[in-house]
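# Coordinates in review
Each chain, written out:
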Amino acid sequence: MQKRLLFPLLAAFAALFPGGSLRADDELTLYTQRHYGFDDTVHQRFSEKTGIKIKVVKAAADELIVRLQEEGANTPADLYMTADGGGLDRAKKAGLLQPLVSALVEEKVPAHLRDPDGHWVALTKRARVIIYAPDRVKAGELSTYEDLADPKWRGRLVVRSSSNAYNQSLLASLIEANGAEAAEAWAAGVRKNMARPPQGGDRDQIRAVAAGLADVAISNTYYLGLMETSNDKKDLEAAAAVKIFFPNQEGRGTHVNISGAGIVKASKKADLAKQFIEFILSDEIQSLYAQGTFEYPVSETAEWSENQKRWGTFATDQVPFSVYGERNAEAVRLFNKAGWE
Ligand SMILES: [Fe+2]
């Protein structure tokens with residue numbers, strides 16, 4: 001580019017970002033467990049607004065923790081992000097995150113959705129629910145997660161593998177609520193009730209219920225949202241054939257997990273990382289997520305998507321997310337003892 005063109009361009013660019021110290025090499029590296037294509041859209045918006053590029057490294061939460069430990073002070077990572085509260089807690093306890101001080105975070109995010117020491121903050125919420133076939137199951141027959149271990153569901157239930165973090169955190173919440181013995185009996189009861197050995201992701205369980213292979217499934221709500229808005233006609237039809245039931249409404253509430261992030265302790269770009277977190281927590285982006293991935297906003301002032309409004313409001317289990325981290329190993333052990341693959 002010729003110099004006489006470059007200067008007016010730079011001036012125009014700088015005018016777009018008043019107060020921002022725009023450097024062409026501004027870049028954030030994100031270590032993330034998230035696997036949703038929609039995140040790219042959000043990263044692009046952030047880059048357009050701030051000039052900061054987002055470089056993404058995707059892997060399982062614990063693989064990323066090991067990587068951060070191995071890389072130590074030389075890690076290129078600025079942010080650590082998970083699709084589960086347990087991973088955030090484990091990263092914090094491994095000493096891999098640094099505190100974030102932000103008035104916006106405190107204003108937008110309810111206290112139970114962020115680490116008391118500021119090491120991580122929830123960016124979206126997800127509810128793990130029962131998906132059922134309304135032609136074979138009446139809503140009145142459904143009640144709690146605990147009830148899914150009842151023999152009345154023998155051969156009628158599908159759920160994904162116990163190696164999945166969402167199931168591990170659900171079992172951690174059941175250990176916390178009912179004790180280890182009851183949680184193990186629950187896992188064994190659910191395993192007996194399975195219509196088939198665990199296979200596939202949450203969407204595959206919804207598809208199985210729609211196809212009549214099972215009557216109930218355990219799934220996160222946002223997967224139903226993705227199917228309700230899919231370009232695939234089969235998924236649209238499957239989504240239309242099932243309904244959501246929010247369990248444990250009479251008691252402690254439905255199991256909720258979070259996707260969240262913390263700033264990596266070794267990051268030298270904590271200010272930019274904070275900017276990124278605050279951007280995700282703006283009502284605009286929170287509502288965009290509600291419509292794009294169908295995860296729930298953590299900000300109470302952000303609008304839900306039409307799908308979420310249709311599914312309805314629900315009471316949520318208020319167990320601290322650190323429990324998912326603390327009880328993770330125990331949950332994995334109980335799943336294995338119960339023979340839940
Ligand atoms: Fe997911």
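Residues numbered from 1 in each chain as written. Predicted model: local features only at pLDDT ≥ 70, side-chain atom pairs only at ≥ 80, totals over all residues. Heavy atoms only, no water.

## Considering the overall build of the chain
When helices and strands are tallied, the chain shows 15 helices and ten strands. The globule rule puts the C-alpha radius of gyration for 341 residues at 20 Å, and the 21 Å found for the chain is close to it. Taken over the C-alpha atoms alone, the chain extends approximately 75 × 40 × 30 Å along its principal axes. In the chain, once contacts between residues fewer than 6 apart in sequence are set aside, the share between residues at least 24 apart is 77%. Side chains of the chain carry 42 positive and 45 negative charges; the gap between the two charge centres is 3 Å. (Helix = DSSP H or I, 4+ residues; strand = E, 2+ residues; numbered from the N terminus. Rg over C-alpha atoms; globule rule 2.2 N^0.38 Å. Contact = heavy atoms within 4.5 Å. Lys, Arg positive; Asp, Glu negative; His and termini not counted. Charge placed at Lys NZ, Arg CZ, Asp CG, Glu CD.)

## Thoughts on the pattern of salt bridges
Counted under the stated rule, the structure contains 28 salt bridges. The closest approach of N and O atoms between E146 and R252, which form a salt bridge, is 2.9 Å. Note that E146 is positioned in the loop between β5 (121-132) and β6 (157-158) and R252 in the loop between β8 (243-245) and β9 (256-264), a separation of 106 residues in sequence. When the shortest N-O distance is used, the salt bridge between E330 and R327 registers 3.1 Å. Owing to a relative accessible area of 21%, E330 belongs among the partly exposed residues under this scheme. For R327, a relative accessible area of 25% gives the class partly exposed. (Salt bridge = Lys/Arg side-chain N within 4 Å of Asp/Glu carboxyl O. Buried < 20%, exposed > 50% of the residue type's maximum accessible area, 1.4 Å probe, protein only.)

## What to know about the packing of aromatic side chains
This model, assessed by the stated rule, comprises eleven aromatic pairs. Measuring from ring centre to ring centre gives 5.6 Å for F38 and Y289, while their planes differ by 70°; the resulting arrangement is edge-to-face. In this pair, F38 is assigned in helix α2 (residues 38-50) and Y289 in helix α12 (residues 283-292), connecting sequence segments 251 residues apart. (Phe/Tyr/Trp six-rings, centres within 6.5 Å; stacked < 30°, edge-to-face > 60°.)

## A word on unusual backbone geometry
You will see that N248, though not glycine, has its phi angle at about 60°, which is positive. With respect to the helices and strands, N248 occurs in the loop between β8 and β9. Non-glycine residue F294 carries a positive phi angle of around 65°. Positionally, F294 belongs in the loop between α12 and β10 (296-297). Relative accessible area serves as the criterion here: at 3%, F294 is assigned to the buried category.

## A few points about the confidence of the model for the chain
Per-residue confidence for the chain averages 93 on the pLDDT scale, and 93% of its residues sit at or above 70. Across residues 1-21 the pLDDT falls below 50, and counting only partners more than four positions away or on other chains, this stretch makes nine contacts in the model. (pLDDT = per-residue confidence, 0-100.)

## Concerning the environment of G86
On the secondary structure map, G86 appears in helix α4 (residues 85-93). You can call G86 buried: its relative accessible area is 0%. Look past the residues within four positions of G86 in its chain and what remains in contact with it is F321, Y324 and G325.

## Points about the side chain of D147
Residue placement: D147 occurs in the loop between β5 and β6. Every residue in contact with D147, bar those within four places of it in the chain, is listed here: E141, K152 and W153.

## Focus on the nonpolar core
Inside soluble globular proteins, nonpolar side chains tend to come together where they are buried. L28, Y80, F276 and I277 are the most contacted members of the largest nonpolar core, which has 49 residues in total. The element that contributes the greatest number of residues to this core is helix α11 (residues 270-280), accounting for six residues. In this structure, this core is formed jointly by two domains, domain 1 (3-125 + 257-309) and domain 2 (128-255 + 315-338), each of which donates at least three residues. (Core = buried A, V, L, I, M, F, W, Y, C linked by side-chain atoms within 4.5 Å. Domains from an automatic or database assignment.)

## Digging into the side chain of N220
Position of N220 among the secondary structure elements: in strand β7 (residues 216-220). Discounting chain neighbours no more than four positions away, the residues touching N220 are R126, A127, R128, Y166 and D202.

## A word on the packing of α2 against α12
Packing of α2 against α12 brings their axes to within 10 Å, and their N-to-C directions diverge by 160°. Considering their axes alone, α2 and α12 lie roughly antiparallel with respect to each other. The two elements α2 and α12 meet at a crossing, and its hand is right-handed. Taking contact as the criterion, the partners of F38, D39, V42 and R45 in α2 are, on α12, E284, I285, L288, Y289 and G292. Looking at side-chain class alone, the contact of α2 with α12 contains five nonpolar, one polar and three charged residues. (Axes fitted to C-alpha atoms, helices over the stretch in contact; angles between N-to-C directions. Parallel < 35°, antiparallel > 145°, perpendicular 65-115°, else oblique. Left-handed = near helix turned anticlockwise from the far one by under 90°. Nonpolar A, V, L, I, M, F, W, Y, C, P; charged D, E, K, R; others polar.)

## Quick notes on α4
Taken as a whole, α4 has its buried residues at G85, G86, G87, L88, D89 and A91. Two or three places before G86, at the opening of α4, D84 has a side-chain oxygen 3.2 Å from that residue's backbone nitrogen. In the segment just after α4, G95 is the residue with positive phi, at about 75°. (Polar contact = N/O pair within 3.5 Å; in protein donor to acceptor, adjacent residues only side chain to side chain.)

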